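Here are the chains, one letter per residue:
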Amino acid sequence: VSGDFQRLVPGEELDARGYVEALSLPAPAPAQRPYVIVNFVASLDGHIVVEGRSAPLSDPGDRALFHALRERADAVLSGASTIGIERYGRMIPNAETRARRVATGRSPEPLAVTVTRSGKLPLDAPLFAEPEANVVVFTPTPPPLDGVAAQVSFEPYEADVKQPLTGALATLRQRHGVELVLCEGGPRLFGSLLEEGVVDELFLTISPNLVGGESGPALASGPPLPELAPVHLRSALVREDTLLLRYAITT
Ligand SMILES: NC(=O)c1ccc[n+]([C@@H]2O[C@H](COP(=O)([O-])OP(=O)(O)OC[C@H]3O[C@@H](n4cnc5c(N)ncnc54)[C@H](OP(=O)(O)O)[C@@H]3O)[C@@H](O)[C@H]2O)c1
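Residues numbered from 1 in each chain as written. Predicted model: local features only at pLDDT ≥ 70, side-chain atom pairs only at ≥ 80, totals over all residues. Heavy atoms only, no water.

> Is there a simple way to think about the pairing of strand β8 (residues 231-239) in this case?
The side chains of a regular strand alternate between the sheet's two faces. In terms of strand pairing, β8 meets strand β9 (residues 242-249) through eight bridges, oriented antiparallel. By the bridge assignment, L237 is partnered in β9 with L244. Counting the residues in the hairpin turn of β8 and β9 gives two residues, including E240, whose phi is positive at 50°. (Pairing = 2+ DSSP bridges. Helix = DSSP H or I, 4+ residues; strand = E, 2+ residues; numbered from the N terminus.)

The following block contains the structure:
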């Protein structure tokens, strides 16, 4: 194996926005759906939460990448429970970032998109109190929206069909003009997307922490895939002790 290794550190210096701007995103996706990238943070020993939330695992580098990916995305897709637990607010809180998008002919913020079979939405999350937020909810059972200030629209969700998320992605492309979807989890949603074979890339931040204890939820939950899904490492950044990895999913 001599000559098979490459040293990553030290390397070239860059910032998160420059990194994301230089990515070829969205890469060509199948005509019927947007290109789908997924972003997660995990501890070195594989935990995705500490006391139920991901924030303790994040650091300024992870947050910079998180915001740079949001700036690039047309829609941010998250499971309804993640929006509630992680206390989601508007997609782009920074006015300068919104202005940058508008200056290039885009909407100020990506659409906030969620899915729920039960129709249970975390309406107490700050996102729903934000009048400028545009939220699209895929659900077979739309709930009442009493006291919600955000602009919320419902799309039908055919929970009984074989590939319901593939249908929802097609709707995002056809009805909302979405070409790049950033999925921010959680694991049940990521697992379902993997099962349907509609994930193009995974951005994974390895937080330089050990959580210990029993293993919590994995990055992706749900039934195991019928066979191992090979991935291809497209880039690896390091910031202080944090690794920021980008994988293409080839299945
Ligand atoms: N470390 C990280 O980067 C990271 C990222 C995100 C989340 N998290 C953590 O993950 C935990 C939440 O995990 P989770 O797996 O429960 O959340 P999740 O993936 O957000 O999924 C559950 C929610 O999304 C809906 N959902 C998921 N898959 C669906 C599908 N295929 N079709 C329709 N609806 C679907 C469910 O609604 P119904 O039950 O109503 O159908 C449910 O509300 C939180 O503790 C959060 O902090 C960590």
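Once you've had a look at it, read on.
> How should I be thinking about the site of the ligand in this particular structure?
In the region of the ligand, 26 residues are neighbours, and I48, E86, T116, S118 and Y157 sit closest. Taking S118, its side chain carries an N or O atom lying 2.4 Å from an oxygen atom of the ligand. Among the secondary structure elements, those contributing two or more residues to the shell around the ligand are β1 (35-43), α3 (80-85) and α6 (187-195). (Near = heavy atom within 4 Å. Polar contact = N/O pair within 3.5 Å; in protein donor to acceptor, adjacent residues only side chain to side chain.)

> What should I look at first to understand the pattern of salt bridges in this one?
Between side chains of opposite charge, a pair can form as their charged atoms come close. Enumeration over the complete set of coordinates arrives at 13 salt bridges. A salt bridge links E130 to R90; the shortest N-O distance between them is 3.6 Å. You can see E130 sitting in the loop between β3 (111-115) and β4 (134-138) and its partner R90 sitting in the loop between α3 and α4 (95-103), a full 40 residues away along the chain. The partner of E132 in a salt bridge is R90, and the shortest N-O contact between them spans 2.9 Å. Note that E132 is positioned in the loop between β3 and β4 and R90 in the loop between α3 and α4, a separation of 42 residues in sequence. Residue class for R90 comes out buried when judged on its relative accessible area of 16%. Through salt bridges with shared partners, one network takes in R90, E109, E130 and E132. (Salt bridge = Lys/Arg side-chain N within 4 Å of Asp/Glu carboxyl O. Buried < 20%, exposed > 50% of the residue type's maximum accessible area, 1.4 Å probe, protein only.)

> How do you make sense of the side chain of D200 when you look at a structure like this?
You can see D200 is positioned in the loop between α6 and β7 (201-207). At 2.8 Å, the side chain of D200 and the backbone nitrogen of V36 are in polar contact. Those residues in contact with D200, other than ones at most four positions away along the chain, are R33, P34, Y35, V36, Y247, A248 and I249. (Contact = heavy atoms within 4.5 Å.)

> Hey, could you run me through the packing of aromatic side chains in this one?
The geometry of an aromatic ring pair comes down to the distance between the two centres and the angle between the two planes. Within this structure, the stated rule accounts for one aromatic pair. When the centroid spacing of 5.5 Å and the interplanar angle of 40° are considered together, the rings of F40 and F190 count as tilted. Taken as a pair, F40 in strand β1 and F190 in helix α6 lie far apart in primary sequence, 150 residues in all. The exposure class of F40 is buried, given its relative accessible area of 8%. With relative accessibility at 3%, the residue F190 sits in the buried group. (Phe/Tyr/Trp six-rings, centres within 6.5 Å; stacked < 30°, edge-to-face > 60°.)

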